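# Residue-level structural notes
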Amino acid sequence: MIGHEDLAVRTLGPCRIDSPLAERLAARETTQHSVVEDDRILFDDTLSMAGVRGVPVGQLPSLEPGGPRQRIYFDPAKTRVGIVTCGGLCPGLNDVIRGLVLELCRHYGVRRIVGFRNGYRGFIPHYGEDVVDLSPEVVQHIDDEGGTILGTSRGMQDPEEIVDALERLAINILFVIGGDGTIRGAMEVVRVIGERGLKIAVVGVPKTIDNDIPYIDQSFGFQTAMSEATKSIHAASVEARSAPGGVGLVKLMGRHSGFIACYSTLAKDDADYVLIPEVPFALQGEGGFLEHLRRRVEDRGHAVVVVAEGAGQEHIEEHEPGRDASGNVRLGDIGRLMRRLITEHLDDAKVENNVRYFDPSYAIRSVPANPYDSAYCLRLAHAAVHAAMAGRTEVIVARRRRRFVHIPMALAVSRRNHVDPLGDLWMSVLEATGQPVRFE
Ligand SMILES: Nc1ncnc2c1ncn2[C@@H]1O[C@H](COP(=O)(O)OP(=O)(O)O)[C@@H](O)[C@H]1O
Ligand SMILES: O=P(O)(O)OC[C@H]1O[C@](O)(COP(=O)(O)O)[C@@H](O)[C@@H]1O
Ligand SMILES: [Mg+2]
């Protein structure tokens, strides 16, 4: 059970410098729209969850609020900042970079900002990556493009060498924009910083289209990626309805979490089936998926199937689950398997069929952020700058239940966010598709 110690945020030391934003904060009080800096945000949000703790209100686990502080730790005029983006692409990466640079320069007066190229390898000498000087002029319009102007990578790097680079460049604050792997890497960097007795803040902005980071409302870019995915689902529906025995099959990213498949299905109510990693399904047999699909195609003449890339891995016999350079499991291709099995099953049953397979894969994550995610990215960037300037470290900034909070990195990587098969999201998907609770 999450306790106080899990929510404690590390700081580099006392904040003795008046913030340039101080005068704007004087009249603040805690409302539904803001939290004063010495208030806390309850971690539990139901009576039952709070009640089971059996402690007075003041001892309930709570999170440090995000936002500007009256006094800060770093002297803006003497602060040098580094920014790095790691792991897979996600809509909004450039929006976060832009937001960090503009907030640092325009509101705190921090002018020395460098970008490290191609993920953590950008710190490692033998890759020979130069650093990128970042300024408001350089970043002004980078949010018009998807991807990251800094480049990204996967693959383990030596935290000692990363901290060597931070020392050589006299970096005081490092912003890391990445997912669970990046955050684990950042924790290694924080460990080495502590071992060397250095005062360098490391603050994370959580990133992944998979939405697999726990304790936050939603990772930035997820909404844009999900929106992109709906285009493929609609295309699959058009194809399926335009041919006898049409079956539109769409495979979507999300690795071990089925959020993109679920939300894109709910957004574009075209799918008859959604298969996700969190809910196992039988393929064969009277109650299996293939027989159910056959009956649906015979009854309606068409069907649309959305399969998350991490679903049904147990059905992929010949797949040797290798790993990518960061240690992430390489998934077997459930899309190709389903295409073959659906065609074979309908052929064997002498049901005319035209199976159309869609795999948008990277197309859903390499687009620019939609306006919602752009605004979200800007606010996350502001929160990250406020946290770092106030000397917070080994923390990610996130929005949780509509409030910006500081979440310790260790908690952010303590588990993976999954679709709850007993939760209301999956219930909505079952209601929307009409598919059975279980294929077995
Ligand atoms: N378990 C780990 N410990 C330390 N560093 C890690 C770990 N996993 C990943 N990293 C570092 O984080 C970077 C990004 O991780 P990756 O899993 O590829 O993407 P993401 O952070 O988006 O999940 C890697 O290039 C690697 O340097
Ligand atoms: O970019 P790669 O190495 O092909 O990995 C693809 C994987 O990256 C993701 O897009 C998410 O990656 P991150 O967790 O690094 O953001 C997954 O949805 C997908 O399975
Ligand atoms: Mg990851």
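Residues numbered from 1 in each chain as written. Chains lettered and ligands numbered in written order. Predicted model: local features only at pLDDT ≥ 70, side-chain atom pairs only at ≥ 80, totals over all residues. Heavy atoms only, no water.

As recorded by an unreviewed UniProt entry, the chain carries the name ATP-dependent 6-phosphofructokinase and is attributed to Geodermatophilus normandii. Looking at the chain in UniProt, the text filed under Cofactor (unreviewed entry) is "Mg(2+)". As recorded by UniProt, the Subunit (unreviewed entry) comment attached to the chain reads in full: "Homodimer." (UniProt positions renumbered as here; feature names shortened; annotations may be inferred.)

## What to know about the nonpolar core
By size, the foremost hydrophobic cluster in this structure holds 72 residues, and its most contacted members are I83, F175 and F220. Per-element tally for this core: the top contributor is helix α12 (residues 371-389), with 10 residues. Shared between two domains, this core takes at least three residues from each, and those domains are domain 1 (5-219 + 369-400) and domain 2 (222-366 + 421-433). Apart from residues lying up to four places away in sequence, F175 is in contact with V81, G82, I83, V84, L100, L104, V203, A384, V385 and A388. By size, the runner-up hydrophobic cluster in this structure holds 39 residues, among which are Y120, I171, I407 and A412. (Core = buried A, V, L, I, M, F, W, Y, C linked by side-chain atoms within 4.5 Å. Buried < 20%, exposed > 50% of the residue type's maximum accessible area, 1.4 Å probe, protein only. Helix = DSSP H or I, 4+ residues; strand = E, 2+ residues; numbered from the N terminus. Domains from an automatic or database assignment. Contact = heavy atoms within 4.5 Å.)

## Quick word on the domain arrangement of the chain
Each assigned domain of the chain is listed with its residue range as follows: domain 1 (5-219 + 369-400) and domain 2 (222-366 + 421-433). Placing a centre on the C-alpha atoms of domain 1 and another on those of domain 2 gives a separation of 36 Å. Taken residue by residue, the interface counts 19 residues in domain 1 and 19 residues in domain 2. Taken together, the two surfaces of domain 1 and domain 2 that pack against each other cover about 1,700 Å², and 49% of this comes from carbon and sulfur. Counting the surface domain 1 buries against domain 2, the share from its top three residues, R154, I209 and D210, is 36%. The tally of links from domain 1 across to domain 2 stands at one salt bridge. Run the count over domain 1 and domain 2 and you get five residue pairs in polar contact (both at pLDDT 80 or more). (Buried area = accessible area lost by both parts, 1.4 Å probe. Salt bridge = Lys/Arg side-chain N within 4 Å of Asp/Glu carboxyl O. Polar contact = N/O pair within 3.5 Å; in protein donor to acceptor, adjacent residues only side chain to side chain.)

## Considering the environment of D18
Within the secondary structure layout, D18 lies in strand β2 (residues 17-18). For D18, a relative accessible area of 52% gives the class exposed. In the structure, D18 is positioned 54 residues away from I72 in sequence and 6.2 Å away in space, judged by C-alpha atoms. Apart from residues no more than four positions distant in its own chain, D18 is found in contact with Q70, R71 and I72. One polar contact links D18 to R71, side chain to side chain, over a distance of 2.8 Å.

## Structural notes on the site of ligand 2
Around ligand 2 lies a shell of 13 residues, among which G88, D210, E309, Y362 and R365 are the nearest. In the environment of ligand 2, an oxygen atom lies 2.8 Å from a nitrogen or oxygen atom belonging to the backbone of G88. Contact with the protein chains hides 86% of the accessible area of ligand 2, taken as 480 Å² for the molecule alone. According to the grid-proximity analysis, the pocket containing ligand 2 is the largest pocket. Within the shell around ligand 2, the residues separate by chemical class into three nonpolar, four polar and six charged. Looking at which domains feed residues into the shell around ligand 2, each of domain 1 (5-219 + 369-400) and domain 2 (222-366 + 421-433) supplies at least three. (Near = heavy atom within 4 Å. Areas by Shrake-Rupley, 256 points an atom, 1.4 Å probe, with all protein chains shown as cover. 1 Å grid on protein atoms, 1.4 Å probe; cavity = no way out; pocket = protein on both sides within 12 Å on 5 of 7 lines; lining within 4 Å. Sits in = over half its atoms within 2 Å of the grid points. Nonpolar A, V, L, I, M, F, W, Y, C, P; charged D, E, K, R; others polar.)

## Examining empty space enclosed by the protein
Rolling a probe over the atoms, with the probe sized like a water molecule, indicates the empty space that remains. The final tally for this structure, using the stated rule, is one cavity of 30 Å³ or more. In this structure, the largest cavity spans a volume of roughly 50 Å³. Around the largest cavity sit V274, L275, I276, V279, P280, F281, W426, Q435, P436, V437, R438 and F439, which together line it. The class makeup of the residues in the lining of the largest cavity is 10 nonpolar, one polar and one charged. (Points joined across faces, edges and corners; volume = space filled by probe spheres on them.)

## Observations regarding helix α14 (residues 424-433)
Along α14, the positions that sit buried rather than exposed are L425, W426, V429, L430 and T433. Considered in projection along α14, the buried side chains sweep an arc of 140 degrees and stay on one side of the axis. Facing away from the buried surface of α14 by more than 90 degrees, the exposed residues are D424 and E431. In this structure, the buried side of α14 is in contact with α9 (259-267), β12 (273-275) and α10 (289-300). Positive backbone phi, at 80 degrees, marks G434, one or two positions downstream of α14. (Arc of directions from axis to C-beta.)

## Describing the site of ligand 1
The immediate surroundings of ligand 1 are formed by 18 residues, with G155, D180, T182, K207 and S326 found nearest. Take R154: an N or O atom from its side chain is 2.9 Å from an oxygen atom of ligand 1. Interatomic distance of 2.7 Å between a backbone N/O atom of G155 and an oxygen atom of ligand 1. Alone, ligand 1 offers 550 Å² of accessible surface; in the complex the protein occludes 86% of this.

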